[in-house]
Amino acid sequence: MNCLNGCKPTIDYPCQWQYRLIGEDRAAIIEAIHAAVDASLCVISDGNASSGGRYLSLNLDIRVSNEAERLRLYQLFSDHPAIRVVL
C-alpha cells in the first residue's frame, strides 16, 4: 500500500512507547516527567547531548493504554516550559 497523505501506522494498544524529551536542564525535564506520570511505571534513560553541551535528551519508556493517553502525554510534554522538543 502506498500512502503519501493521511496514513496512520497501526499501533496495537496497550504497548510500550518511547518519548525523547529535549531541553536544557536535566533536573527540570525529570521534574516534568514526574509531574505527568508515575515514576514507578516508566524507565528514564539519558540520551545525547548537543556538541556545545547546551541541550540534552532523555528517553522516557512507558506503557500506554490507548492513543488518547499517548497523545495526552505528548501534549503535556510539549506544553512544559523545560522541554523544547518532544520526539
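Look up a bit, the structure's there.
On a predicted model such as this, the values are computed, not experimentally measured, just so you know. (Residues numbered from 1 in each chain as written. Predicted model: local features only at pLDDT ≥ 70, side-chain atom pairs only at ≥ 80, totals over all residues. Heavy atoms only, no water.)

Residues and numbers for the packing of helix 1 (residues 26-36) against helix 2 (residues 67-79), please.
Relative orientation of the contacting elements helix 1 and helix 2 amounts to 145°, with a least axis distance of 10 Å. Where helix 1 crosses over helix 2, the handedness of that crossing is right-handed. Every residue of helix 2 that contacts helix 1 at Ala32, Ile33 and Ala36 is listed here: Leu73, Leu76 and Phe77. By residue class, the composition of the contact of helix 1 with helix 2 is six nonpolar, no polar and no charged. (Axes fitted to C-alpha atoms, helices over the stretch in contact; angles between N-to-C directions. Helix = DSSP H or I, 4+ residues; strand = E, 2+ residues; numbered from the N terminus. Left-handed = near helix turned anticlockwise from the far one by under 90°. Contact = heavy atoms within 4.5 Å. Nonpolar A, V, L, I, M, F, W, Y, C, P; charged D, E, K, R; others polar.)

Summarise the packing of aromatic side chains; cite the residues concerned and give the values.
Tallying each qualifying case throughout the model produces one aromatic pair. Aromatic side chains Tyr19 and Phe77 sit 5.6 Å apart centroid to centroid with 65° between the ring planes, which places their arrangement in the edge-to-face category. Remark: Phe77 occurs in helix 2 and Tyr19 occurs in strand 1 (residues 15-23); sequence separation between them is 58 residues. When sorted by exposure, Tyr19 lands in the same class as Phe77, which is buried. Lying across the ring of Trp17, Arg70 places its NZ or CZ 4.8 Å from the centre. (Phe/Tyr/Trp six-rings, centres within 6.5 Å; stacked < 30°, edge-to-face > 60°. Buried < 20%, exposed > 50% of the residue type's maximum accessible area, 1.4 Å probe, protein only. Lys NZ or Arg CZ within 6 Å of the ring centre and 35° of its normal.)

Could you give me a rundown of the sheet that holds strand 4 (residues 83-86), with the residues and numbers involved?
The antiparallel open sheet is built from four strands, whose spatial order is 2-3-1-4. Both outer strands of the open sheet, strand 2 (42-49) and strand 4, are each paired with one neighbouring strand and no more. Along the sheet, successive strands turn relative to each other by an average axial angle of 30°, direction set aside. Direction of pairing for strand 1 relative to strand 4: antiparallel, over a ladder of three bridges. Its bridge partner being in strand 4, Ile22 is matched across the sheet by Val85. Each of strand 1, strand 2, strand 3 (56-64) and strand 4 touches helix 1; the most contacted strand, strand 3, lies at about 15° to it. (Pairing = 2+ DSSP bridges.)

Could you give an account of the nonpolar core, with specific residues and numbers?
Residues Tyr19, Leu21, Ile33, Ile62, Leu73, Phe77 and Ile83 are the most contacted members of the largest nonpolar core, which totals 17 residues. Residue assignment for this core shows that the elements contributing at least two residues are strand 1, helix 1, strand 3, helix 2 and strand 4. If sequence neighbours within four positions are ignored, Phe77 has contacts with Tyr19, Leu21, Ala32, Ile33, Ala36, Leu60, Ile83 and Val86. (Core = buried A, V, L, I, M, F, W, Y, C linked by side-chain atoms within 4.5 Å.)

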